[in-house]
Amino acid sequence: MRVLGLDTSNYTTSAAVFDGEGGYNEGKLLEVRPGEKGLRQSEALFQHIKALPERMGQLREVGLLEGISAVAASTRPRAVEGSYMPCFLAGESLGRSISALLNVPFFSVSHQQGHLAAAAWSAGRGELMNAPFLAWHLSGGTTELLYVEPEGLNMRAERIGGTTDISAGQLIDRTGVLLGLAFPAGRALDELSRQSQSGEGFRVKVDQLEFSLSGVENQVKNRVEKGEAPAHVARFVLNTVADTVRRVTVEAQNRFPGLPLLCSGGVASNRRLRYELTEFCQGIFAPPQYSTDNAMGVAILAHRLMGGERRECDE
């Protein structure tokens with residue numbers, strides 16, 4: 001049974017096919033002008049509409065659009081009331097159209113649920129989706145610590161901690177732009193930081209499982225204005241993020257003993273963060289290509305939901 005998943009996040013257009021065992025994802029970053037720190041939703045939506053036909057064409061070229069049994073799309077950032085971003089309309093509209101054309105079911109999931117499913121599957125831990133676990137969703141716009149539990153064949157994620165202002169991804173991207181790196185800057189900042197051996201970071205105040213990163217952004221601006229070496233600035237930011245996330249994780253594991261920890265989102269690709277959470281918190285990570293935004297998790301959830309629908313019909 002082959003299913004199609006679509007994800008049109010704020011910065012990546014993705015289409016994926018999953019057959020229950022393996023899958024294939026085609027993704028393309030949206031274009032952000034040099035020096036800018038992001039895209040307006042109207043521009044993101046426009047770029048998705050232009051990019052989706054090419055993603056579908058690439059899936060067709062490798063023979064994966066034959067025998068599609070279900071279609072799914074991420075239709076909102078999170079599966080909570082009021083969660084909405086116009087960019088997801090691009091994937092939802094195409095997905096519903098394909099579903100109607102092929103006369104197959106359409107499933108609506110959230111971008112966050114897709115991240116969690118892709119991370120669990122690609123880490124070889126698909127069974128995580130069948131029981132409660134802790135998860136970090138660390139992306140360009142999100143830094144949330146989640147308590148996740150099964151909800152039918154999907155997942156329900158409850159936010160239990162994270163940032164109270166800017167996300168770790170925003171801090172990293174804004175630092176990168178200040179240092180002259182292209183947006184999004186996560187990978188480039190990671191590479192730049194390797195030129196420094198500094199262990200310096202800022203000890204962010206943690207309140208329960210919540211913390212603020214806006215003060216770190218102010219420190220970064222001061223360091224750049226004073227002419228500090230770019231590699232040291234990059235290292236300072238990534239040391240700070242990794243230390244903060246680790247301390248919050250340890251506290252959460254004390255509150256929820258025995259639950260596995262899954263890490264998803266583009267920021268989870270950062271090497272310093274991966275080291276801290278693997279070494280001290282036994283974190284489970286997706287390969288980098290499935291940490292960043294992708295449609296694979298959407299397709300995986302569609303396959304699970306389609307399987308449940310078929311079982312109900314058989315009964």
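Residues numbered from 1 in each chain as written. Predicted model: local features only at pLDDT ≥ 70, side-chain atom pairs only at ≥ 80, totals over all residues. Heavy atoms only, no water.

### Brief notes about the pattern of salt bridges
Here's step 1: This structure, assessed with the given rule, holds 17 salt bridges.
Here's step 2: The partner of Glu149 in a salt bridge is Arg156, and the shortest N-O contact between them spans 2.5 Å.
Here's step 3: Of the residues examined, Arg156 reaches a relative accessible area of 31% and is grouped as partly exposed.
Here's step 4: One salt bridge in this structure joins Glu210 and Arg159, with 2.9 Å as the shortest N-O distance. (Salt bridge = Lys/Arg side-chain N within 4 Å of Asp/Glu carboxyl O. Buried < 20%, exposed > 50% of the residue type's maximum accessible area, 1.4 Å probe, protein only.)

### A short note on the nonpolar core
Here's step 1: In this structure, Trp136, Leu213, Val237 and Leu277 are the most contacted members of the largest nonpolar core, which totals 38 residues.
Here's step 2: Here this core gets 11 residues from one element, more than from any other, and that element is helix H7 (residues 230-255).
Here's step 3: Residues contacting Leu213, with those up to four places away along its chain left out, are Thr163, Asp165, Ile166, Ser167, Ala168, Leu171 and Val204.
Here's step 4: Within the second largest apolar cluster, 31 residues are counted, among which are Ala135, Leu146, Leu262 and Ala286. (Core = buried A, V, L, I, M, F, W, Y, C linked by side-chain atoms within 4.5 Å. Helix = DSSP H or I, 4+ residues; strand = E, 2+ residues; numbered from the N terminus. Contact = heavy atoms within 4.5 Å.)

### With respect to the layout of surface pockets
Here's step 1: Volume-wise, the largest pocket comes out at about 1300 Å³.
Here's step 2: If you trace the largest pocket, you find 44 residues lining it, with Gly140, Pro184, Gly266, Thr292 and Asp293 closest to the centre.
Here's step 3: Of all elements in the fold, only strand E3 (23-29), helix H3 (111-122), helix H4 (168-178), helix H5 (186-193) and helix H9 (288-291) reach the threshold of two or more residues within the lining of the largest pocket.
Here's step 4: Among the elements that line the lining of the largest pocket, the one with the most residues is H4, at 5 residues.
Here's step 5: Tallied by class, residues from the lining of the largest pocket come to 13 nonpolar, 21 polar and 10 charged. (1 Å grid on protein atoms, 1.4 Å probe; cavity = no way out; pocket = protein on both sides within 12 Å on 5 of 7 lines; lining within 4 Å. Points joined across faces, edges and corners; volume = space filled by probe spheres on them. Nonpolar A, V, L, I, M, F, W, Y, C, P; charged D, E, K, R; others polar.)

### Looking at the sheet that holds strand E10 (residues 210-211)
What links the strands of a sheet is backbone hydrogen bonding, and the strands pair in either a parallel or an antiparallel sense.
Here's step 1: In spatial order, the strands read E9-E10-E8-E7-E6-E11-E12; together these 7 strands make up an open sheet with mixed pairing. Each having just a single partner strand, strand E9 (206-207) and strand E12 (284-285) make up the two edges of the open sheet.
Here's step 2: Direction of pairing for strand E6 (residues 133-138) relative to strand E11 (residues 261-264): parallel, over a ladder of 4 bridges. Residue pairing across strands places Leu134 opposite Leu261, the latter belonging to E11.
Here's step 3: Sheet strands in contact with H3 are E6, strand E7 (143-151), strand E8 (154-163) and E11, and its direction is about 115° off that of E11. (Pairing = 2+ DSSP bridges. Axes fitted to C-alpha atoms, helices over the stretch in contact; angles between N-to-C directions.)

Keep in mind that these numbers describe shape and distance, not what the molecule does.
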